[in-house]
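# Residue-level structure breakdown
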Amino acid sequence: MCSPEEAALLRLEEVFSATLARINSFVLQPLLEAAPEPSDPWGRECLQLLQQLHRSSQQLWEVTEESLHSLQERLRHPDSISLESLLLLHSADHVLQVHLEYIESYTSCVAVQAFQKAVKRRSEYWQGQRKALQQFLSGMSSEGSVGTALVQALRQPLTHHVQHCMLLLLSLRDAVGESHPTRELLVHAATVFGNLQSFMRQELDQAMATQALWHTLSSRLRDVLCTPAHRLLQDSQDIPVTVTPLRAERVLLFDDALVLLQGHSVHTFDLKLVWVEPGQDGCMFHLLTPEEEFSLCSKDPQGRVAWQWKVTQAVCQTLRGKKDFPVLGAGLEPSEPPICRCGAYTFRAEGRFSQATYEGEWYGGRPHGKGTLKWPDGRNHVGDFCQGLEHGFGIRLVPQASEDKFDCYKCHWREGSMCGYGICEYSTSEVYKGYFQEGLRHGFGVLESTPQTPQPCRYTGHWERGQRSGYGVQDDGDRGERYIGMWQADQRHGRGVVVTQAGVCYQGTFQADKMVGPGILLSEDDSLYEGTFTRDLTFVGKGKVTFPNGFTLEGSFGSGAGRGLHTQGVLDTAALPPDPGSTRKRQLGLGVFPVESRWQGVYGPFQDFVQAGCPGDLQEALLGFHVQSSRELRKSQEYLCCERTHPEDHAGRMEDILEELLQHRAPEALQQCLRKALSNSLHPLGKLLRTLMLTFQATYSGIGANKHLQGLAQEEVKQHAQELWAAYRDLQVHRLMLPLVLPSFYSELFTLYLLLHEREDSLYSQGIANLSLFPDTKLLEFLDVQKHLWPLKDLTLTTNQRPGDHLPHFTRYSLVRDECFLSATECLQKMITTVDPREKLEVLERTYREIEATVSRMLGQEHKLPMDDLLPLLVYVVSRAQIQHLGAEIHLIRDMMAPIHTGGLYDFLLTALESCYEHIQKEDMRLHRLPSR
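Keep in mind it's a predicted model, so treat the numbers as computed, not measured. (Residues numbered from 1 in each chain as written. Predicted model: local features only at pLDDT ≥ 70, side-chain atom pairs only at ≥ 80, totals over all residues. Heavy atoms only, no water.)

As a further point, take the sheet that holds strand S3 (residues 250–254). What the four strands build is an open sheet, ordered S1-S3-S4-S5; its pairing is antiparallel. Looking at strand neighbours, the two that pair on one side only are strand S1 (232–235) and strand S5 (265–270), the edges of this open sheet. For this sheet, the mean angle separating the axes of adjacent strands, direction not counted, is 20°. Relative to S5, strand S4 (residues 257–262) is paired through six bridges, and the arrangement is antiparallel. By the bridge assignment for S5, Ala-257 is matched with Asp-270. Against the sheet, helix H9 (residues 183–216) touches S1 and S3, its axis set at about 55° to S1. Sheet contacts for helix H11 (residues 301–320): S1 and S3; angle to S3, the most-contacted strand, approximately 40°. (Pairing = 2+ DSSP bridges. Helix = DSSP H or I, 4+ residues; strand = E, 2+ residues; numbered from the N terminus. Axes fitted to C-alpha atoms, helices over the stretch in contact; angles between N-to-C directions. Contact = heavy atoms within 4.5 Å.)

Structural data, given as structure tokens:
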């Protein structure tokens, strides 16, 4: 059998369903149908609220009908249909949600007086319906307001239904007993309706208080503040508070905003971005907002507690995005708002952020973390913030006057300005990659324009406060020249070297971008001019020309009336010819630009990073990063999704390598760790090496590939190895670091050696070509190699010669070529397979050992070769090895050889190789022809 409580629930649902049907028919439908379409915004909003109320009322009626149907089925078939089938039990949460939507729609209409406004627009119609309403609404007086009556008509049935439904569920719970299988469902349903009753009471009270508030405000303030979403939680007229240091006559706390009223002015604070801090005084607490910090002071501690609690709970509720249930502050969520939040805010105060909208992470009232700034003029900034300022990696787009043109800054920021490494792509097609300080280019950087620009140029060097200053290299595409030297205030200033595409080199002094005083000029044919010049490197004024043959011309130079150079002076043809080697090998820049100070802007950030202990937050500022191009950023506008390497992704790997470098002291293990670090572009050492490679190529490749800069380049490579190693406090530069560093600079450096020794290598090549015509025995004889040292056992007879042929012993081998000392020859040829000077010397040593081993095998005993015997044998091996550009190889080895080898075996063998090289250049070697047989 069914219980009396179930029968009572059935009657309750029947009454409520019928009441909802009458409300829809006699109240809501007429409100929507009778009223014309309002023309004012407020009228349209009220109409939308009533339409929403009608929809939620219909949904509530449908759910009530479903509940009624489940009760009726239960009463008809009590034996076959269990108590669990009741909708109020198995779908209590769904029933709750429908009630909440109805309550929200109803209280929104109450808060903005939607019923009164709808009735007022059709007052004649509703006056005609007063009698029908009196019959429908018990207790309605003939003098009462129709709008107020409608409010009560929708409120009373709901409150009565919820209250009695809760009581009947509780009674049914008690009636079924502790062990009944549906007891838990009954307990849950009773709790739901109990909470719903509390929630509804609070919502109705807040709606009525909000409605009453509008009557106390001026129409101007009411128009600003009155919205359906607002619910008044606290009013300073009820519990007085004062605001300091701001001024406010009245303080209103809504469920989503804190409002300060002063005269006709309204200051509204979004609760999502309000932070509550307790004050030192028991009657005061502090509030932090994005642009204001102020305190609320009450007359007594109780008032302070009431206000602080309500503000705190309102902030929590706003951040959760839904109302606390069943009452404010009673949710399961934490009752203290988080100090870190996400939100959007438009700044109003004057300053850099004025009118900008920030959307992202906040901390204590300040942008902090990831976020995006957007200005009305089209500027955008996305990246990291700290305490209200750009700090960390950030991308800023700055629109230019022309359409779809942006300056794109992908940089590191510190306390609101660019600081650290950055990449800036300008709308002028220029790109800057380098370091910043306080928003200006400062330190090392590269500014480059595209070749298509009207005046293409590239500057690689140092900057100070946004201007080129210090040591730098600039290419002038229009003039076809490269300037290497000192800068000041964005102009060439101080000592400098100019190299042209024609191979002309100038060294002198610049002041305010102009050549001043005397200088020297070296032409492609090794002529030397000492004097003054024009901007186009034309001789002007007093000077002296020294020609390659030793002749000198000293006098005054200038441009003649026609074309060409005009001069008055003395031509001296009596001077002895200078040493060709010294003439060709004049070097520029040595001693003018101290090598240790040229690229301090590159070394500095790395040294600071290492000395600071390699902190992860500085790693990306040192290493740079990878981001999408500005075009891709402008297309997508999804700045926070741009690709870039994060410090945390690689910090562990980098720290491991640094730790290894500090632990391993054995040379082989240490060199292996260094090789791993230098080959990793994400490691500080690898990043530094690649930056130094960039400076080296900018200086010595292309136009800078000039033989007169070889000395400058050679000492620069040594300095780079020393600086790279200095971070780890060791002096084994040549042994460990130089072999690792040299390959990165080898191509440009060896080109300079080739140019510098081009003439000697040409003579050497001619000698090698002539000597290659000799068969082995003829060449050994020609080089005066002692015959008992000839390795005849190694020779292979030709096909038309047999050991039994009756020919002289040496004649039988007279046509054999490239067989003697073959192992030594093949060994020496390996010299060009490595760029490491030490490994080249080791090849030379092995070649020497192979020569001695071959001679010892011939003699049948170990034999040490004296210098007189070694030199002709080494000349033989060198001539057969036919190494190209041997002069450049020898001089590079000599310049890069570790000082520890000076005076040792390697030095002795390199000197012997130099002697062979010079011997092959001699005229008798180049002009000798193989005699006919």
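Within the largest apolar cluster, 73 residues are counted, with the highest numbers of intra-cluster contacts made by Leu-31, Phe-115, Leu-154, Leu-169 and Phe-193. Tallying contributions element by element places helix H8 (residues 146–176) first for this core, with 13 residues. Taken domain by domain, the makeup of this core includes at least three residues from each of domain 1 (4–215) and domain 2 (231–338). In contact with Phe-193, other than residues within four places in its own chain, are Leu-88, Val-95, Val-162, Cys-165, Met-166 and Leu-169. (Core = buried A, V, L, I, M, F, W, Y, C linked by side-chain atoms within 4.5 Å. Buried < 20%, exposed > 50% of the residue type's maximum accessible area, 1.4 Å probe, protein only. Domains from an automatic or database assignment.)

This part covers the packing of aromatic side chains. For any pair of aromatic rings, geometry is given as the distance between the ring centres together with the angle between the planes. Across all of its chains, the model carries 35 aromatic pairs by this definition. Seen in terms of ring centroids, Phe-269 and Phe-294 are 5.1 Å apart; in terms of plane orientation they differ by 40°. Their pairing is tilted. On the criterion of sequence distance, the pair formed by Phe-269 in strand S5 and Phe-294 in strand S8 (residues 293–298) is long-range, its members being 25 residues apart. Exposure class is identical for Phe-269 and Phe-294. Each is buried. One aromatic cluster in this structure is built from Tyr-432, Phe-436, Tyr-459, Trp-463, Tyr-483, Trp-487, Tyr-506, Phe-510, Tyr-529, Phe-533, Phe-539 and Phe-557. Sitting over the ring of Tyr-459, Arg-468 keeps its end group 5.7 Å from the ring centre. Stacked on the ring of Tyr-483, the Lys or Arg Arg-492 has its end atom at 5.2 Å from the ring centre. (Phe/Tyr/Trp six-rings, centres within 6.5 Å; stacked < 30°, edge-to-face > 60°. Lys NZ or Arg CZ within 6 Å of the ring centre and 35° of its normal.)

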